[in-house]
Amino acid sequence: MSTTVEAPDLDLERRVEPAETTVNLQNGLSCSIPSDSPLAKLLRSKRTWIGPSAQERRDILRSAKSVAIVGASPNPARSSYFVATYLQQSSDYDLYFVNPNATEILGQPVYKSLADLPVVPDIVDVFRRGSDIPQVIDDVVAIGAKTIWVQLGIWNEEAAYDGEAKGLTVVMDRCIKVEHARFHGGLHLLGFDTGQITSRKTVR
């Protein structure tokens, strides 16, 4: 997973592992710097878009009945698979998986695009590169969905503003698994993951 932060002449990608930042220059060259370095912190501070508050995110999750995961993967090593497993086991959302290169994930059929879904999902959860988010936003608008949730580590500020201008509720650079667990007892108040992945359905 990576986050792209727009800055003059620079794109910033923050990677969780290892703890370093890759700075991509407009001339095609790139270099890595420590994520806690003054330069990395400065570039992250350039963010101006602010998404929904914690209470608003909680309300989004509690009111939703269906979630479509764009970029869902059948590979157990991918973060999208882990998130899908958690949501399948620890929520009562109706889940829909979107990936043009897969046919089945966690025993469920996979759809090639959002337009192929049999329903309009309440939340479209996205595991795609930051540069892909504008197209996903257009796809979300086209099917009439109201909320796009862009996963932790993915950032495209221009797309966030554009999505809101098109009437979407936009959540960005936040993990839906972590947020759901946070509001439903699977995450300690201090921020520690309790490791809860259970077949017990929780109350939204």
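Above this text sits the structure in question.
A short tour of the structure in this document, coming up.

Rules of the game
- Along each chain, numbering runs from 1 in the same order as the chain's sequence is written.
- Given that this is a predicted model, residues contribute local features only at a pLDDT of at least 70 and side-chain atom pairs are listed and counted only at 80 or more, while totals for whole chains, interfaces and linings are drawn from all residues.
- Excluding hydrogens and water, the side-chain values take into account all heavy atoms of the structure.
- With a 1.4 Å probe rolled over the protein chains alone, any residue whose accessible area is under 20% of its type maximum counts as buried; one over 50% counts as exposed, and the rest are partly exposed.
- Working definition: helices are DSSP H or I runs of at least four residues, strands are E runs of at least two. Numbering for both runs from the N terminus.
- If DSSP finds at least two bridges between two strands, the strands pair.
- Orient the strands so they point away from the viewer, and a crossover whose first-strand-to-second-strand path over the helix runs clockwise is right-handed.
- Lines fitted to C-alpha atoms define the axes here, with helix axes fitted over just the stretch in contact, and angles between the N-to-C directions of these axes take values from 0 to 180 degrees.
- In what follows, a contact means two residues having at least one pair of non-hydrogen atoms within 4.5 Å.
- Lys, Arg, Asp and Glu make up the charged group, whereas Ala, Val, Leu, Ile, Met, Phe, Trp, Tyr, Cys and Pro make up the nonpolar group; the residues left over, Gly among them, are polar.

Put simply, side chains in a regular strand alternate between the two faces of the sheet. Residue alternation in strand 9 (residues 123–126) divides its side chains into two sets, Ile-123 and Asp-125 and Val-124 and Val-126, and both sets are buried. Pairing geometry for strand 5 (residues 66–70) and strand 9, over four bridges, is parallel. Its bridge partner lying in strand 9, Ile-69 is registered against Asp-125. Bridging between strand 9 and strand 10 (residues 147–150) involves four bridges; their strand directions are parallel. For Asp-125, the partnering residue across the bridge sits in strand 10 and is Trp-149. A crossover links strand 9 with its parallel partner strand 10, the connecting element being helix 4 (residues 133–143), and its sense is right-handed.

Where helix 3 (residues 79–90) contacts helix 6 (residues 176–183), the axes come no closer than 9 Å and their chain directions differ by 35°. Across the interface between the two elements, Phe-82, Val-83, Tyr-86, Leu-87 and Ser-90 from helix 3 touch Ile-176, Lys-177, His-180 and Ala-181 from helix 6. Across the contact of helix 3 with helix 6, the residue classes break down as six nonpolar, two polar and one charged.

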